[in-house]
Amino acid sequence: MDLNIMKIAFIGGGNMGEAILAALIEKKLCTPADICVSDVSQERLQSLKDKYGVVVTGSNREAVAGKDVIVLAVKPQTLTEILPDLKGNLKATQLVLSIMAGVRISKIGEGLAHQRIVRSMPNTPARIGYGASGWTATSEVTKNQKDSARAILGAMGKEIYFDDEKYLDMVTAVSGSGPAYVFLLAEALIEAAVKIGLPRQEAETLVSQTMLGSAHLLEQSGQPPADLRRNVTSRGGTTEAALKVFENGGFSKLVEDAVKAAYNRAKELGEAAKS
Ligand SMILES: NC(=O)c1ccc[n+]([C@@H]2O[C@H](COP(=O)([O-])OP(=O)(O)OC[C@H]3O[C@@H](n4cnc5c(N)ncnc54)[C@H](OP(=O)(O)O)[C@@H]3O)[C@@H](O)[C@H]2O)c1
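Throughout what follows, the structure given in this document is the object of discussion. (Residues numbered from 1 in each chain as written. Predicted model: local features only at pLDDT ≥ 70, side-chain atom pairs only at ≥ 80, totals over all residues.)

## Quick notes on the environment of P32
Rules: A helix here means a DSSP run of H or I that spans at least four residues, while a strand means a run of E at least two residues long, and both kinds are numbered starting from the N terminus. A pair of residues counts as a contact when their C-beta atoms, built from backbone coordinates, are separated by no more than 7 Å.
Looking at where P32 falls in the secondary structure, it is placed in the loop between α1 (15-26) and β2 (35-38). Sequence separation between P32 and M156 is 124 residues, and the spatial gap between their C-alpha atoms is 17 Å. Those residues in contact with P32 that lie beyond four places of it in its chain are I25, Y52, G53 and V54.

## Examining the pairing of strand β1 (residues 8-11)
Every other side chain in a regular strand lies on the same face of the sheet, so the side chains alternate between the two faces. Selection rule: Once C-beta atoms are placed from the backbone, each residue is buried if 20 or more other C-beta atoms lie within 10 Å of its own, exposed if 12 or fewer, and partly exposed for counts between those two. Should DSSP find at least two bridges between two strands, the strands are regarded as paired. Crossover handedness is defined by viewing with both strands directed away from the observer: a clockwise path from the first strand over the helix to the second marks the crossover as right-handed.
Going residue by residue along β1, you find I8 and F10 tucked away on one face and A9 and I11 tucked away on the opposite face as well. Two strands pair when backbone bridges link them, and β1 and β2 are joined in this way by four bridges, in the parallel orientation. Its bridge partner being in β2, A9 is matched across the sheet by C36. Of the crossover connections in this fold, the one passing from β1 over α1 to the parallel β2 is right-handed. Where β1 and strand β4 (residues 69-72) come together, four bridges link them in parallel fashion. Following the sheet pairing, I8 is matched in β4 by V69.

## Comments concerning unusual backbone geometry
Located in the positive-phi region is K28, a residue other than glycine, with phi close to 60°. As for its placement among the helices and strands, K28 is situated in the loop between α1 and β2. Positive phi outside glycine occurs at A113, with the angle close to 50°. Inspection of the secondary structure assignment puts A113 in the loop between α5 (105-112) and β6 (117-121). For A113, a count of 12 C-beta atoms within 10 Å puts it in the exposed group.

## Observations concerning the site of the ligand
What counts here: Whether a residue is near a molecule or strand depends on its C-beta atom, generated from backbone atoms, being within 6 Å of that molecule or strand. Side-chain classes are defined by residue name, with Ala, Val, Leu, Ile, Met, Phe, Trp, Tyr, Cys and Pro counting as nonpolar, Asp, Glu, Lys and Arg as charged, and the others, Gly among them, as polar.
Taken together, 27 residues lie around the ligand, and G12, G14, M16, M100 and A101 are the ones closest in. For the shell around the ligand, the elements supplying multiple residues, two or more each, are α1 and α4 (79-86). The dominant element in the shell around the ligand, judged by the number of residues it contributes, is α1, at three residues. Partitioned by chemical class, the residues of the shell around the ligand number eleven nonpolar, eleven polar and five charged.

Encoded structure:
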């Protein structure tokens with residue numbers, strides 16, 4: 001499949017559906033005419049049509065006809081509604097790409113009686129082009145289709161392929177839920193700043209820019225985070241005083257426990273959603 005002529009259907013034109021199609025158009029991976037969005041909300045469809053010039057329909061069946069890739073971008077709880085619409089209406093060669101959190105390939109495969117499936121786990125920064133997505137594919141997905149999946153997910157940020165679906169529960173616990181961990185740290189840092197006397201607005205700007213700058217430094221320097229941390233920690237200095245408090249409070253263990261809790265929950269939810 002030539003990426004330049006990729007025709008895509010979106011089942012669900014909500015937040016994520018819009019984020020992906022906007023990125024595909026912006027990166028010129030598709031023209032608006034190559035994209036068809038299906039959604040239950042007429043208002044939503046009209047808004048996407050007006051904003052991007054994409055083709056819209058209220059029929060999931062109509063949306064998938066003749067498309068190379070079908071992106072499943074509805075909420076996981078809505079999946080059961082769309083399965084009967086699509087089952088029997090997909091060609092065996094079409095690629096189904098799911099971005100639904102926690103929904104296993106077996107559930108999609110059985111529900112659609114379809115084999116070529118990519119399951120991905122993006123995160124919320126994907127909505128502004130800074131996503132981190134983990135993904136995997138069934139063995140029936142061709143090399144060209146994997147390239148298409150890589151291009152679609154790559155349009156929203158970084159994408160990493162895993163050769164086993166088991167890794168997606170780990171991805172969920174690290175980068176899927178990860179933005180919330182970062183926001184929690186931001187919240188706590190802002191509150192602490194206000195407590196020691198900084199005005200709130202200035203504290204918010206300083207914290208947000210510190211996170212942004214540190215993330216860029218981590219990425220651009222190519223140095224491990226531990227080295228970068230040591231670089232700003234002089235003996236007997238202010239950073240060392242703060243880091244000692246983190247260490248004494250069991251910070252690393254707390255993060256480990258939190259990630260394990262998310263991972264276990266992801267596995268539980270995946271199991272529960274199987275049936
Ligand atoms: N948001 C994120 O940053 C993020 C990150 C990672 C993964 N995800 C995954 O991405 C998926 C979509 O999330 P989202 O935030 O984009 O959700 P969303 O904004 O609720 O989008 C889903 C869209 O699908 C529509 N829809 C509902 N039933 C439908 C049907 N039967 N046929 C066609 N369309 C239907 C919804 O319409 P109504 O609103 O009218 O019901 C809505 O417009 C979820 O599975 C989520 O787990 C999201």
